[in-house]
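Here are the chains, one letter per residue:
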Amino acid sequence: MESAVPTKSSVRTVLNSAVVVAALGYFVDIYDLILFNIVRIPSLTSMGVSGDALISEGLAIINWQMIGMLLGGIAFGIVGDKLGRLQILFGSISLYSLATIANGFVGSHDLLPPLLEYRLLRFVAGVGLAGELGAGVTLVAEVLPARLRGYGTMLVASVGVSGAVVANLVAKNMDWRAAYWVGGGLGLVLLILRINVRESAMFNRTARSGVRRGDFFALFRGGRLGRYLATILIGVPIWFANAILVALSPEFARVLGVKGSVSAGDAVMLFYSGLVFGDVGSGVLSQFWKSRRKVVLLFLSSLLVACLAFFVFGRGATPAVFLALIGLLGLTSGYWAIFITVGAERFGTNLRATVATTVPNFVRGLVAVVTFSFVTLKPHLGLPGAAALVGAFWFTLALVSAWRLRETFGIDLDYLEEE
């Protein structure tokens, strides 16, 4: 069996400019994406929000951001297949950087009601954030040899999710407004780095062929819809854990009787720290086993066990144990990189950017459905009961989809989706 450890020549191949820029881009993407979860309480408190409204208003702002990502994913995905992968990177980085900088000025003027302005700016930032990951993974998948694709996307994901750790450190040492300005500034610096990145040769050949590209509605024809929906459903449990259990960890800690306070920032940092190790582990396992399907099934099942452990062992725990359980949620959510790679590998070059960009953003967009159902059930079932019922529904759909997943490891990506 081939070693999971790449050779020196393989390392040089993987560490090309496209992979490095995609990894750094996803780092800034995650920093900005998750920053609101970290500064939710201090930023909303500064605007006069208190009590249960910190949960409801916080989830509402998250939903606006995720709906923006859903719409942005469709738009940038189509652009990526019609005009090129690099066009997504330029447009998305510019948009979310400027919107994130503007977030730092929310409530400092009288142009709009602060909470409305907060929602609108997170929506615009969400539209911009939608393009980064899909473009990066598509570009990396197309420029690397088939045997090394897993290492490339593993690097992008593991470097990227560490952006949440940095976001927490920045937010702990700076005012919440300054934390937004840092994120926007990092994005503008990234624009300079992408200048040296070249377009995928595979895309250029497809563009010259004259074939129809970026037809979003083609995903609903020719038997592709089932393939597309199944890919999306596999990723939803990751965001169930993130948007409910992690984002509301201070509230869950109180309800579960944790013996001390829990910081939302620390919870986010532990979750994403675990995610870094999970992404590396899933990437190496995928290369070693030569399988995406086995890794997705293993990690998805492990995430289900970690969610159960969160409620069972989190009750009456110390803050350290509770945070360790959140870290376990992150570790077992580490199939995110493989999940995005599967999306890119399951469709032809003329639809690949559309799929790779829309799939993670449909998952994020479904957060609005997840949180709405959670908020609706919470008055009747309480925090743990509502989370358990919502989680059970999405895990069931994800496990069925993962079980039916077709293996895509090592396949040749130079093909087209025919009408």
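Residues numbered from 1 in each chain as written. Predicted model: local features only at pLDDT ≥ 70, side-chain atom pairs only at ≥ 80, totals over all residues. Heavy atoms only, no water.

### Observations regarding the environment of Gly274
Inspection of the secondary structure puts Gly274 in helix H12 (residues 264–289). With residues up to four places along the chain from it excluded, the contact list for Gly274 reads Gly327, Gly330 and Leu331. (Helix = DSSP H or I, 4+ residues; strand = E, 2+ residues; numbered from the N terminus. Contact = heavy atoms within 4.5 Å.)

### Topic: the nonpolar core
In this structure, Leu245, Phe252, Tyr272 and Phe374 are the most contacted members of the largest nonpolar core, which totals 123 residues. Among the elements that take part in this core, helix H2 (residues 17–45) stands out by supplying 17 residues, more than any other. Those residues within four positions of Phe252 in sequence are excluded, and the remaining contacts are Ile244, Leu245, Phe310, Phe311, Phe322, Phe374, Leu383, Pro384 and Ala387. (Core = buried A, V, L, I, M, F, W, Y, C linked by side-chain atoms within 4.5 Å. Buried < 20%, exposed > 50% of the residue type's maximum accessible area, 1.4 Å probe, protein only.)

### Things to note about the pattern of salt bridges
All told, the structure shown has 11 salt bridges when counted by the stated rule. Residue Glu251 pairs with Arg40 through a salt bridge whose shortest N-O separation is 3.4 Å. Of this pair, Glu251 sits in helix H11 (residues 249–255) while Arg40 sits in helix H2, and the two are 211 residues apart along the sequence. Among the residues examined, Glu251 registers a relative accessible area of 7% and is labelled buried. Of the charged contacts, one joins Arg212 and Asp215 as a salt bridge, the two residues approaching to 3.7 Å between their closest N and O atoms. With relative accessibility at 57%, the residue Arg212 sits in the exposed group. Among the ionic contacts, a cluster of salt bridges with common partners joins Asp81, Arg85, Glu142 and Arg352. (Salt bridge = Lys/Arg side-chain N within 4 Å of Asp/Glu carboxyl O.)

### Considering helix H9 (residues 201–209)
Along H9, the positions that sit buried rather than exposed are Met202, Phe203 and Thr206. Down the axis of H9, the buried set is contained in an arc of 95°. They therefore lie on one face. Each element contacted by the buried residues of H9 is listed here: helix H3 (53–82), helix H4 (85–103), helix H5 (114–143) and helix H16 (352–365). Where H9 begins, the side chain of Ser200 points an oxygen toward the backbone nitrogen of Met202, at a separation of 3.2 Å. Just downstream of H9, Gly210 is the residue with a positive phi angle, here 80°. (Arc of directions from axis to C-beta. Polar contact = N/O pair within 3.5 Å; in protein donor to acceptor, adjacent residues only side chain to side chain.)

### Side note on the confidence of the model for the protein chain
For the protein chain, per-residue confidence averages 88 on the pLDDT scale, and residues scoring 70 or more make up 96% of the total. Within the protein chain, no element has a lower average pLDDT than helix H1 (residues 8–14), which sits at 63, and none a higher one than helix H13 (residues 293–312), at 97. (pLDDT = per-residue confidence, 0-100.)

### Describing a nonpolar patch on the surface
A cluster of nonpolar side chains, Leu111, Leu112, Leu116 and Leu120, forms an exposed patch at the surface whose accessible area comes to about 360 Å². Of note, Leu112 is situated in the loop between H4 and H5. What makes Leu112 partly exposed here is its relative accessible area of 36%. (Patch = residues over 30% accessible without salt bridge, like charges linked within 9 Å, V, L, I, M, F, W, Y side chains within 5 Å. Areas by Shrake-Rupley, 256 points an atom, 1.4 Å probe, with all protein chains shown as cover.)

### Some thoughts on the packing of aromatic side chains
Inspection of every chain in the model, using the stated rule, returns 21 aromatic pairs. For the ring pair Phe105 and Trp181, a centre distance of 5.1 Å and an interplane angle of 45° mean the geometry is tilted. Of this pair, Phe105 sits in the loop between H4 and H5 while Trp181 sits in helix H8 (residues 176–193); the two residues are 76 residues apart in sequence, bridging distant segments of the chain. An aromatic cluster of at least three residues, connected via ring pairs, comprises Phe216, Phe217, Phe220, Tyr228, Phe347 and Phe362. Between Arg293 and the ring centre of Trp403, over which it is positioned, the NZ or CZ distance is 5.0 Å. Its guanidinium or amino end placed over the ring of Tyr415, Arg352 lies 5.7 Å from that ring's centre, counting from NZ or CZ. (Phe/Tyr/Trp six-rings, centres within 6.5 Å; stacked < 30°, edge-to-face > 60°. Lys NZ or Arg CZ within 6 Å of the ring centre and 35° of its normal.)

### A short note on the packing of H12 against H13
Two elements in contact, H12 and H13, have axes separated by 9 Å at closest approach and are oriented at 145°. Between H12 and H13 the crossing geometry is right-handed. Contact with H12, carried on its side by Gly278, Gly281, Ser282, Leu285, Ser286 and Trp289, involves Lys294, Val295, Leu298 and Phe299 of H13 and no other residues of that element. Its residues assigned to classes, the contact of H12 with H13 comprises five nonpolar, four polar and one charged. (Axes fitted to C-alpha atoms, helices over the stretch in contact; angles between N-to-C directions. Left-handed = near helix turned anticlockwise from the far one by under 90°. Nonpolar A, V, L, I, M, F, W, Y, C, P; charged D, E, K, R; others polar.)

### Some words on unusual backbone geometry
One non-glycine residue with positive phi stands out, namely Lys290, at about 55°. Secondary-structure assignment places Lys290 in the loop between H12 and H13. Of the residues examined, Lys290 reaches a relative accessible area of 38% and is grouped as partly exposed.

### Overview of the side chain of Ser401
Tracing the sequence through the fold places Ser401 in helix H17 (residues 367–403). Judged by relative accessible area, which is 9%, Ser401 ranks as buried. Dropping the residues within four chain positions of it, Ser401 is found in contact with Ala230, Leu233 and Ile234.

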